[in-house]
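Architecture and fold: a report
Residues per chain are reported as follows:
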Amino acid sequence: MKEKDMNYSKLLQGILDIAEEMLVAGAEVSRVEDSVERMCSAYGCDRVNVFVITSNIQVTMEDPDGEIVTQIRRVVRNDVNFDRLDFLNDLSRYVCRNLPSVEELRDEVMQRKQQPIALSLLSGMAIGGSFAVFFGGNIQGGIAAAVCGLATVVLNLVVSKLGQNPLANIFIVSFAAGILSVITVWLGIGMHTDKIMIGVIMLLIPGIAMTNGVRDMLTGDIATGMLRVANALLLA
């Protein structure tokens, strides 16, 4: 697409869509900033300045006509998904190589099917059951933890759609998971309530957020790293 036909305000909006999805999917700040800078520069924009924290993306650039374009994006979601992050990382490289039009960027390039819910349910069962056994439970307890893990994933999906307060959501789901663990033992399905609880709660521990926070601090993004670590500790 010729530069004179490009709407750089819409272009930046499309680039911010990619950046937002990367941040939501669990990308570290340095990756998001580098991707935005590369995509903007690929379209001939100069003096690209990017500032990213966990809840905010700010980009200012100078288009080939010398006009300054600035946009700010508020990020309120959090849905760690490394499969989607890998796709978005490849997408940013595709944009740099092929320079798709604004319409292609919005209507075609960003199309990506979400992972099937069945995969999340299966993962919840595998994680809950395996951790329960790993921490000292028996096979019966592992089976009970797998059942509770399945119920926890379903409840987490439902609660996440009802509210945007992560702390309240985690509190509700964790409380329900603990009750389910007690009920399975009371019904004779499982043994060792504590081991079942540990296995199920591992589904909700923000380990990736903690890891990304430490990694952000090690790469120089101190503010973002501290925000992520503080949020992860609060949720934990």
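For the structure itself, look to the data block above.
Note that the structure is predicted; figures quoted are calculated from it, not measured.

Reading guide: rules and limits
Residues numbered from 1 in each chain as written. Predicted model: local features only at pLDDT ≥ 70, side-chain atom pairs only at ≥ 80, totals over all residues. Heavy atoms only, no water. Pairing = 2+ DSSP bridges. Helix = DSSP H or I, 4+ residues; strand = E, 2+ residues; numbered from the N terminus. Buried < 20%, exposed > 50% of the residue type's maximum accessible area, 1.4 Å probe, protein only. Polar contact = N/O pair within 3.5 Å; in protein donor to acceptor, adjacent residues only side chain to side chain. Contact = heavy atoms within 4.5 Å.

**Quick look at the pairing of strand S2 (residues 56-62)**
Here strand S1 (residues 46-53) runs beside S2; their pairing, made up of six bridges, is antiparallel. Bridge pairing in S2 links Asn49 to Thr60. Where S1 hands over to S2, the hairpin turn is made up of two residues, counted between the paired strands. In terms of strand pairing, S2 meets strand S3 (residues 68-74) through seven bridges, oriented antiparallel. Counterpart to Val59 in the pairing with S3 is Gln71.

**Some details on the environment of Asp17**
Following the sequence through the fold, Asp17 ends up in helix H1 (residues 8-25). Take Asp17: its relative accessible area is 27%, and that puts it in the partly exposed class. Once the C-alpha coordinates of Asp17 and Arg73 are considered, the two residues, 56 residues apart in sequence, prove to be 8.8 Å apart.

**Brief notes about the side chain of Asn56**
Structurally, Asn56 can be placed in strand S2. Residue Asn56 is classed as buried on the basis of its relative accessible area, which comes to 14%. Engagement of the side chain of Asn56 in a polar contact is seen with the side chain of Gln58, the distance being 3.0 Å. Contacts of Asn56, omitting those with residues within four sequence positions, involve Phe51, Ile72, Arg73 and Val75.

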